[in-house]
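Architecture and fold: a report
Chain by chain, the residues run as shown.
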Amino acid sequence: MPYARPFKLFEDECANLIKSSVSEAMRGAVEDALNRGLETPPYRSMGELAYPCFEVAKVAGLNPRKLAEEISFVISSSGERRFVEKAEAAGEGYVNLYVNHRELAKELFSSIIAFSSEYGLVKTERPLKVIVEHTSGNPVHPLTIGTGRNAIIGDSLVSLLKARGHMVKAHFYVNDVGLQVMIAAYGYSKVKHRIMGGKPDHMIGLVYPMTNAIVEIKGLKERLKAASNDEERANLTKEIDEWVSITYDLRSRDPELFDELLEKISKDEDPRRAISRLNREYEEGVRDAVELVRELCNRVIEGFKETLSRLGVRFDQWDWESEIAVWSGAADTIINKISTLAPWALETQEGALILDVDKVSSNLGVKDEWGLPGKQIPKLTLKRADGTTLYTTRDIAYALWKLERANKVINVIGVEQSLAQLQLKIILKLLQVEDIQNRYVHYAYELVRLPGAKMSSRRGRYIALDDLLNEAVARVHREVEKRGPSLTEEEKREIAEVVGTGAVRFALVNVTPSKTMTFDWDQVINFERNSFPFINYTYVRALGILRKSGFAPTLNVDVAKLIHDYERELVIQMARYPELFVQAAEELRPEILTLFLNRLSELFNSYYEKVNVIRERDEETRKARLMLVYSIKTVLESCTKAINLKMVKKM
RNA sequence: GGGCCCGUAGCUCAGCACGGAUUGAGCGCCGGCCUCCGGAGCCGGAGGUCCCGGGUUCAAAUCCCGGCGGGCCCGCCA
C-alpha cells in the first residue's frame, strides 16, 4: 500500500538531512527546533519548507546566515536525496528547501489510485468514541440562522471526526423541560386542530410568542388591578403597552389563529397556573401532560428533520431532557452527591440551594490547572425553592450521561453560554469525572448577523433557516436558468437545491466559529471565487474533461512531463492536503478545508486557462495532465466528503 | 463593577494558540481576454499607521502590560 501522506515524505527527508548536516554538538538544539516542525516560507519562490537557523546559531555562537549556508551546502551535496531538489540559504539565516515535484507526483498519484476519494482522509492511530451534541434548538420555533450555524458546524465536526476514523455519534438534546415549552404546549392545546398544513415548526413558532404575549398581558393586568401606588401603576401600564404593540404585530401575521388563541385563553381563569401545573405534571410524568408536550415536541422536531435533511445533517440520537435528567431522578442524585462531596460550598437562600462554584474551583485547584482568567466565578443555583430543578443542573446530568457513553464529548453551544459551561465543567470535576479537561469540550460559536433583518424573540421575529435555504436555492435556480438552457427542469431543480444548500453550508463553515459572521447574499451565492458554486463548477469542469477524454487512471505516466509552474503547484498542494486534513480534524477546524477547496479550485481554473489537456498532441504529456486532472477531481471529492458537502456532477 | 470574545484594504475574511524573510484572498472599483478542452472562467491595476501606546526579543499582526471601540455573559430563564 502506498504511503497516505506524500508531503510528509518530503518533510521527513528534510528533517533528516538537516540533522545530519550539523555537527554533533549542535544536534540536540537542532532536533528541538525540528520537533516544532519546519516553516512554510512566505513566498512560493522561496521553496516549500524552510528552516530558520537563528535559534541554533545563537546557542552555538555562530552567524545564522553562515550556518544556513553551511547546512544548505551539505544538503545539496548529499546523495541521500529523493524529494529534496535543492536547499538554499536565504534571508538573514534561513535554509529554504525545494521539493522535487516529480518524485512527489509519483507518490501522489499512487496514493490517489490506491485510496481514491478516501485519499487524504488519514485514519487516527487512537480511535475514540466521540459524542458530538449540536443544534439542540428549543422545540418552540423553527431552526434559525443561528441554530443553522450550530448545525452546520456540528455536522462538519461529526463528518471530519468520522473521516479521521473515530467512532462518532451525533446527538440532539431536546429541551422539552421548562416553562418555555410549557407555554408553547399550553397554546398548542388550544389550537392544535389548526395546525395541519404547512411546516408544523413554523406554525408553533407563531403560537408560542402569541400565547406568551397573551398570558403576559393577562398577568400584568391583574397586577395592575392590585397595584398599590401610582408609580407601580405607571410602570405596569407602560409594560402592558409594550406587549400590546407586540400582539398587534403578531396578530397581523395570522389574525384567525391569534383571535382563536385569545378567545380560548381568555376563558381560562388563570393561564399562568395552568402552565405551571402543566410543568409540574410533566416533570412528574402525568400521562395527559406527557402526551400533550410530546406531541408538540415531536411535531416541531418533524419540522427540524425536514430542514436538516436538506443540509444533509443527520442525527444518530435524540436525547430527551425529561427522560435523562428529570424522570430518571438523575438531577436529584447529582444534587445529593454534591452535598456529600462539598457540603462546605453549599448554602440555602430562602429555600433555594446554591453552590459556591468559586469556592469549589479554589478547593479543587482547577483555577491554576486550567489557567482560569476570572478571579471570581459566580454562584450557581442548583434547586429552586419549590424543589424543581434548573437548566444547568439538568445539564450536569446530561453531561454525565454523555461522558458515560463516550471517551470524548463535544458540545456545540453558543459563546453566550461560556460561563454556564465553565461552571458545569468545574462541577463535573468535583463529581470526580476523570480527565474532564480533555474529555469535555465546549465548542463555542458566535452569532450570525444578517444585514437588514430585525430579530426579536418576544415578537417571534427570527430568521428561519428554511427561509434562508429557500432564498439560496431560488438564487441558484435563477442562475441555472440563465446558464444551462439545455438542462431539464428536473435537473435544474436538483442543481439549485444541492448547490444552494451547499452554498449556505460552505458560507457558515468558512468563517472561524469564534467570530461573529455577517451573512451577505452577494458573498454566499456569488458564483465567483470563494463560494461553493465556484468549487462545484470547478469539479464539473474536471469531470467534463475526464469524460470527454475517456481517461482511465493509471500509474503508467511520465511525471517528467509535468513541467508547468501550475502543474508543480497543483502537485504540491494536493500532496499537502492530507496534512491539512489531519490538522483540521485534530484541531476541530473544518474551515481549514473550505479554504483549501477554494485554493485548489482557483489553481485548477488558472491552469485550465493556460494549458491544454485533451487537445495536447504529445501522448505522454496528455496522459500526465489527465492524471493530474483526475487527482484534482479525486481530491475535491475527498475534501468535500470530509466536511459533508455534496456536489452535483452537472451544472 | 468584573469576566470572555472580536478589532488586519471600502466590504467579507485568512494569517495569531507554536514570534521569523517585502502580510495575503475574495467581493467591489478600474483596465484587458470568447478563432476557447464548459466565460459560473482567466490575466493585470489601484487600494493597508495589521485599533492606539508601551514592553519583551536578534526578530512582534502574532507574546506581555495599559488604553480605545464593538459584541456577549455575570437569574430561583433556557
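What you see is a predicted model; the values in this text were computed from it and never measured.

**Quick word on the overall build of chain A**
Within chain A, the regular secondary structure consists of 26 helices and 13 strands. Each principal axis of the C-alpha distribution contributes one length, and for chain A these read about 95 × 70 × 45 Å. A total of 651 residues make up chain A; the buried ones form 54% of that total. Taking contacts inside chain A between residues at least 6 apart in sequence as the whole, the part at least 24 apart equals 77%. When the accessible area of chain A is evaluated, it comes to approximately 29800 Å², of which 48% is carbon and sulfur surface.

**Some words on the sheet that holds strand β9 (residues 380-383)**
By definition, the strands of a sheet pair up through backbone hydrogen bonds, in either a parallel or an antiparallel sense. One open sheet accounts for 3 strands, arranged β7-β8-β9; its pairing is antiparallel. Two strands in the sheet have a free side with no partner beyond their single neighbour: β7 (346-349) and β9. Adjacent strand axes in the sheet meet at a mean angle of 40°, parallel and antiparallel pairs treated alike. As judged from the 4 bridges shared by β7 and strand β8 (residues 352-355), these two strands associate in the antiparallel manner. Within the sheet, the bridge partner assigned to Glu 347 lies in β8 and is Ile 354.

**Re the packing of aromatic side chains**
Counted according to the given criterion, the structure contains 14 aromatic pairs. Aromatic side chains Phe 7 and Phe 10 sit 5.4 Å apart centroid to centroid with 70° between the ring planes, which places their arrangement in the edge-to-face category. Within this pair, Phe 7 and its partner Phe 10 are both found in helix α1 (residues 6-20), separated by 3 residues, close to a single helical turn. No difference in accessibility class separates Phe 7 from Phe 10, as the two residues are buried. Measuring from ring centre to ring centre gives 3.9 Å for Tyr 173 and Tyr 398, while their planes differ by 5°; the resulting arrangement is stacked. Within this pair, whereas Tyr 173 is found in strand β5 (residues 167-174), its partner Tyr 398 is found in helix α17 (residues 391-405), the two being separated by 225 residues in sequence. Of the residues examined, Tyr 173 reaches a relative accessible area of 1% and is grouped as buried. The class of Tyr 398 is buried, set by a relative accessible area of 0%. Ring-pair connections join several aromatic residues into one group, and the members of that group are Phe 172, Phe 304, Phe 315 and Trp 318. In this structure, Lys 425 packs its charged tip against the face of Trp 370, placed 5.9 Å from the ring centre. Between Arg 458 and the ring centre of Trp 243, over which it is positioned, the NZ or CZ distance is 4.5 Å.

**Digging into the nonpolar core**
Tyr 51, Leu 97, Phe 519, Tyr 577, Phe 581 and Leu 593 are the most contacted members of the largest nonpolar core, which has 216 residues in total. Not counting residues within four places of it along the chain, the set of residues in contact with Tyr 577 comprises Tyr 119, Gly 120, Leu 121, Leu 593, Phe 596, Val 635, Ser 638, Cys 639 and Ala 642.

**Here we look at the domain arrangement of chain A**
Considered domain by domain, chain A is made up of domain 1 (6-99), domain 2 (129-177 + 320-449), domain 3 (179-311) and domain 4 (487-642). Computed from C-alpha coordinates alone, the two centres of domain 2 and domain 3 are separated by 28 Å. Listed as interface residues are 21 residues of domain 2 and, on the opposing side, 24 residues of domain 3. For the pairing of domain 2 and domain 3, the buried interface totals around 1900 Å² over both sides, and the portion due to carbon and sulfur atoms is 70%.

**Re the confidence of the model for chain A**
The predicted model of chain A has a mean per-residue pLDDT of 92, with 100% of residues at 70 or higher. Here helix α22 (residues 521-524) stands out as the element of chain A with the lowest mean pLDDT, 78, in contrast to strand β4 (residues 129-133), whose mean of 98 is the highest.

**Some thoughts on the protein's contact with RNA strand B**
Close to RNA strand B lie 63 residues; Tyr 94, Arg 529, Arg 541, Lys 548 and Val 611 are nearest. Tyr 43 is positioned with one of its side-chain polar atoms (N or O) 3.4 Å from a phosphate oxygen of RNA strand B. A distance of 3.0 Å is found between a base nitrogen of RNA strand B and a backbone nitrogen or oxygen belonging to Glu 350. The element that contributes the greatest number of residues to the surface near RNA strand B is helix α25 (residues 591-610), accounting for 6 residues. Taken together, the residues of the surface near RNA strand B break down into 28 nonpolar, 16 polar and 19 charged.

**Concerning helix α10 (residues 255-267)**
Across its 13 residues, α10 extends 18 Å between first and last C-alpha, which sits within 8% of the 18 Å expected from 1.5 Å per residue. Looking at α10, one finds that the buried residues are Leu 257, Phe 258, Glu 260, Leu 261 and Ile 265. Summarising the axial view, the buried residues of α10 lie within an arc of 165°, below the 170-degree limit, and thus occupy one face. α10 presents Glu 256 and Lys 267 as exposed residues on the side facing more than 90 degrees away from its buried surface. The inward-facing, buried residues of α10 contact α7 (179-191), α8 (200-226), α9 (230-253) and α11 (271-284).

**Quick notes on the pattern of salt bridges**
Within the structure shown, the criterion is met by 56 salt bridges. Lys 86 is the partner of Glu 88 in a salt bridge, and the nearest nitrogen-oxygen pair spans 3.3 Å. For Lys 86, a relative accessible area of 35% translates into the label partly exposed. For Glu 491, the salt bridge is made with Lys 650, and the minimal N-O distance between the two is 2.9 Å. Taken together, the residues Glu 491 in helix α21 (residues 489-510) and Lys 650 in the segment after α26 (619-642) connect sequence positions 159 residues apart. Judged by relative accessible area, Glu 491 falls into the partly exposed class, the value being 27%. Through salt bridges with shared partners, a single network forms among Arg 44, Glu 48, Arg 568 and Glu 569.

**What to know about the pairing of β8**
Residue alternation in β8 divides its side chains into two sets, Ala 352 and Ile 354 and Leu 353 and Leu 355, and both sets are buried. Counting the residues that bridge the hairpin from β7 to β8 gives 2 residues, and of these Glu 350 lies at a positive phi of roughly 50°.

**Side note on the environment of His 171**
Looking at the secondary structure, you find His 171 in strand β5. Since its relative accessible area comes to 3%, His 171 is described here as buried. Here the alpha-carbon distance between His 171 and Arg 314, two residues 143 residues apart in the chain, equals 9.2 Å. Residue contacts for His 171: discarding those within four places in its chain leaves Ile 131, Val 132, Glu 133, His 134, Phe 315, Gln 317, Asp 319, Tyr 398 and Trp 401. In terms of polar contacts, His 171 uses its side chain to reach the side chain of Asp 319, at 2.6 Å.

**Things to note about the sheet that holds β5**
Reading across from one edge, β6-β5-β4-β10-β11 is the order of the 5 strands in this open sheet, with parallel pairing throughout. The two strands at the open ends of the sheet, each matched to only one other strand, are β6 (317-320) and β11 (440-445). Across the sheet, the mean angle separating the axes of adjacent strands is 25° when strand polarity is ignored. The pairing of β5 with β6 spans 4 bridges and is classified as parallel. Within β6, the residue paired with Tyr 173 across the bridge is Asp 319. Here helix α18 (residues 418-430) sits on the sheet and contacts β10 (408-414) and β11; the angle it forms with β11, its principal contact strand, is near 180°.

**Regarding the packing of α8 against α10**
Contact geometry for α8 and α10: axes closest at 10 Å, N-to-C directions at 40°. In terms of orientation, α8 lies oblique with respect to α10. Where α8 crosses over α10, the handedness of that crossing is right-handed. Touching Leu 206, Val 207, Met 210, Thr 211, Ile 214, Val 215 and Lys 218 of α8 are Leu 257, Phe 258, Leu 261, Leu 262, Ile 265 and Ser 266, all from α10. Each residue belonging to the contact of α8 with α10 can be placed in one class, and the counts come to 10 nonpolar, 2 polar and 1 charged.

Conventions and cut-offs
Residues numbered from 1 in each chain as written. Chains lettered and ligands numbered in written order. Predicted model: local features only at pLDDT ≥ 70, side-chain atom pairs only at ≥ 80, totals over all residues. Heavy atoms only, no water. Helix = DSSP H or I, 4+ residues; strand = E, 2+ residues; numbered from the N terminus. Buried < 20%, exposed > 50% of the residue type's maximum accessible area, 1.4 Å probe, protein only. Contact = heavy atoms within 4.5 Å. Areas by Shrake-Rupley, 256 points an atom, 1.4 Å probe, with all protein chains shown as cover. Pairing = 2+ DSSP bridges. Axes fitted to C-alpha atoms, helices over the stretch in contact; angles between N-to-C directions. Phe/Tyr/Trp six-rings, centres within 6.5 Å; stacked < 30°, edge-to-face > 60°. Lys NZ or Arg CZ within 6 Å of the ring centre and 35° of its normal. Core = buried A, V, L, I, M, F, W, Y, C linked by side-chain atoms within 4.5 Å. Domains from an automatic or database assignment. Buried area = accessible area lost by both parts, 1.4 Å probe. pLDDT = per-residue confidence, 0-100. Near = heavy atom within 4 Å. Polar contact = N/O pair within 3.5 Å; in protein donor to acceptor, adjacent residues only side chain to side chain. Nonpolar A, V, L, I, M, F, W, Y, C, P; charged D, E, K, R; others polar. Expected span 1.5 Å × (residues − 1). Arc of directions from axis to C-beta. Salt bridge = Lys/Arg side-chain N within 4 Å of Asp/Glu carboxyl O. Parallel < 35°, antiparallel > 145°, perpendicular 65-115°, else oblique. Left-handed = near helix turned anticlockwise from the far one by under 90°.

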